[in-house]
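As a plain string of letters, each chain reads:
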Amino acid sequence: MTSTTTPAGRTTVDTLRFATAGSVDDGKSTLVGRLLHDSKSVLTDQLEAVAHASRNRGQDTPDLALLTDGLRAEREQGITIDVAYRYFATAKRRFILADTPGHVQYTRNMVTGASTAELTVVLVDARNGVVEQTRRHAAIAALLRVPHVVLAVNKMDLVGYEAKEFDRIVEDFAAHAAELDLPGFTPIPVSALVGDNVVDRSAPMDWYEGPTLLEHLESVPVGGDPSGQPARFPVQYVIRHGEKRHYAGQLAAGSLRVGDRVTIHPSGGSSEIEAIDVLGEEVREAYAPQSLALRLADPLDVSRGDMITSGADAPALTRDVRAAVCHLADRPLRVGDRVLVRHTTRTVKAIVKDLTDGRGRHPDRATSGAPGGQRVGVVELSANDLGRITLRTAEPLALDDYARCRRTGAFILVDPADGATLTAGMVDLTEAGSPTWAPMA
């Protein structure tokens with residue numbers, strides 16, 4: 001098991017969070033099952049249960065897709081519906097895998113699984129190539145700023161292991177990735193059914209000289225240490241001990257030290273850190289993502305939802321929020337809707353001022369004949385729609401760009417009537433906006 005020394009001088013064991021995505025019947029669940037099986041991450045009783053279920057379905061060999069499709073409806077229909085999280089480890093690294101659905105109607109599930117991922121595996125059927133859902137999954141990876149993308153071209157055994165078929169798909173995906181402004185991707189030809197280039201190298205594809213999927217997962221750089229970012233401390237609780245008040249929460253980014261000069265947002269007040277407590281013991285310094293309680297030298301008015309920061313690199317304090325969004329709820333989101341914005345530990349009222357898709361129009365309701373490039377306003381986003389939103393909040397929020405800090409650049413919209421989650425948002429503080437994605441079918 002490898003370890004990493006952070007900029008703060010602490011040693012941690014590498015853990016890679018990654019998600020999988022692919023169209024229906026591309027073999028995604030089989031790929032995940034093969035990865036778990038061939039990396040010796042499946043218990044004997046689990047494998048026996050899969051073999052038994054496969055025999056009951058008339059299959060001669062174990063269906064490795066059953067290792068991840070845990071819901072009864074998933075097993076009956078042979079599809080992935082819910083996000084399935086799997087934990088496994090090799091000698092080099094620990095992994096948290098989010099197996100996400102491929103159906104269009106479960107796009108919101110894919111967004112949930114990929115929102116914390118540092119790598120996304122986009123699966124493509126070698127017979128079908130890049131399809132609409134492939135482009136959608138690539139768009140979501142771009143939208144969520146996933147640092148690493150793998151293009152796994154599956155079922156290479158069904159196209160005769162031909163290098164030209166693989167090259168054609170890679171070229172097609174590369175053109176779309178350039179439109180999305182993806183930072184890059186790693187293409188790997190695989191056959192999940194027989195295990196080619198998943199964990200073990202493929203003899204029929206000796207023309208491929210790159211890493212297997214597992215080799216790439218074990219070697220890809222794990223994301224930057226959050227303790228190296230500007231300090232962001234959302235206050236969760238105020239704890240009173242006699243005349244002293246401690247402010248408790250989880251450090252979202254950066255580090256804090258006793259003696260640091262800090263600013264409280266949105267009030268703008270400033271003070272000095274007098275003490276820091278971690279796990280019941282006083283410390284001189286704390287790092288993200290530690291939970292802590294700190295005490296300030298001055299008796300300021302600090303409450304839940306306030307953001308404590310240090311240094312000159314402050315978040316943007318604003319009531320006008322622009323963001324890329326994925327609508328999660330079955331009920332539509334409309335211009336003029338009144339919502340609650342939950343950002344870190346702060347909840348404020350807001351109104352939806354504008355909604356558009358990535359090209360300035362709704363993907364299902366584009367206005368025919370509109371001049372090229374013209375922004376066309378829309379009245380609503382439906383479940384699984386990707387779009388852009390402009391909000392006007394009742395109180396200011398301390399925001400970072402999502403591309404810079406996921407924790408303080410993300411929010412959700414909540415229905416004030418019943419508390420239901422409506423929409424996931426990724427803050428965009430730039431004038432140019434987030435990467436453009438193709439209209440979705």
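Calculation criteria
Residues numbered from 1 in each chain as written. Predicted model: local features only at pLDDT ≥ 70, side-chain atom pairs only at ≥ 80, totals over all residues. Heavy atoms only, no water. Axes fitted to C-alpha atoms, helices over the stretch in contact; angles between N-to-C directions. Helix = DSSP H or I, 4+ residues; strand = E, 2+ residues; numbered from the N terminus. Left-handed = near helix turned anticlockwise from the far one by under 90°. Contact = heavy atoms within 4.5 Å. Nonpolar A, V, L, I, M, F, W, Y, C, P; charged D, E, K, R; others polar. pLDDT = per-residue confidence, 0-100. Salt bridge = Lys/Arg side-chain N within 4 Å of Asp/Glu carboxyl O. Buried < 20%, exposed > 50% of the residue type's maximum accessible area, 1.4 Å probe, protein only.

## Side note on the packing of helix 4 (residues 107–114) against helix 5 (residues 132–143)
Alright, step 1. The geometry of helix 4 relative to helix 5 is characterised by a closest axis approach of 10 Å and an angle of 40 degrees between their N-to-C directions. Crossing hand, helix 4 versus helix 5: right-handed. When helix 4 is examined against helix 5, the residues Thr-107, Met-110 and Val-111 are found in contact with a partner set consisting of Gln-133, Arg-136, His-137 and Ile-140.
Alright, step 2. The residue makeup of the contact of helix 4 with helix 5, split by class, is three nonpolar, three polar and one charged.

## Here's the deal with the confidence of the model for the protein
Alright, step 1. A residue-level look at the protein finds 78% of positions with pLDDT of 70 or above and a mean pLDDT of 83.
Alright, step 2. Note that pLDDT drops below 50 for residues 6–11; the model gives that stretch 15 contacts with residues more than four away or on any other chain.
Alright, step 3. Ignoring residues within four places in sequence, the model shows residues 359–377, a span with pLDDT below 50, making 35 contacts including any to other chains.

## Description of unusual backbone geometry
Alright, step 1. Following His-265, the chain continues to Pro-266 via a peptide bond in cis, the omega torsion being 15 degrees.
Alright, step 2. Note on placement: Pro-266 falls in the loop between strand 13 (261–265) and strand 14 (270–278).
Alright, step 3. We note that Leu-279 has phi near 55 degrees; this positive angle belongs to a residue other than glycine.
Alright, step 4. Checked against the element boundaries, Leu-279 lands in the loop between strand 14 and strand 15 (281–283).

## With respect to the environment of Val-222
Alright, step 1. Among the structural elements, Val-222 can be located in the loop between helix 7 (213–219) and strand 9 (232–234).
Alright, step 2. Sequence separation of Val-222 and Asp-14 is 208 residues, and the distance between their C-alpha atoms is 7.2 Å.
Alright, step 3. Those residues in contact with Val-222, other than ones at most four positions away along the chain, are Asp-14, Thr-15, Arg-93 and Glu-118.

## A few points about the pattern of salt bridges
Alright, step 1. Taken as a whole and judged by the stated rule, the model has 21 salt bridges.
Alright, step 2. We note a salt bridge from Asp-125 to Arg-127, for which the minimum N-O separation is 2.9 Å.
Alright, step 3. By relative accessible area, which is 1% here, Asp-125 ends up buried.
Alright, step 4. Relative accessible area serves as the criterion here: at 46%, Arg-127 is assigned to the partly exposed category.
Alright, step 5. In this structure, Asp-418 engages Arg-331 in a salt bridge whose closest nitrogen and oxygen atoms are separated by 3.0 Å. Of this pair, Asp-418 sits in the loop between strand 25 (410–414) and strand 26 (421–427) while Arg-331 is found in the loop between strand 19 (316–327) and strand 20 (333–334), placing the two residues 87 residues apart along the sequence.
Alright, step 6. Overall, Asp-418 belongs to the partly exposed group, its relative accessible area being 49%.
Alright, step 7. Judged by relative accessible area, Arg-331 falls into the partly exposed class, the value being 34%.

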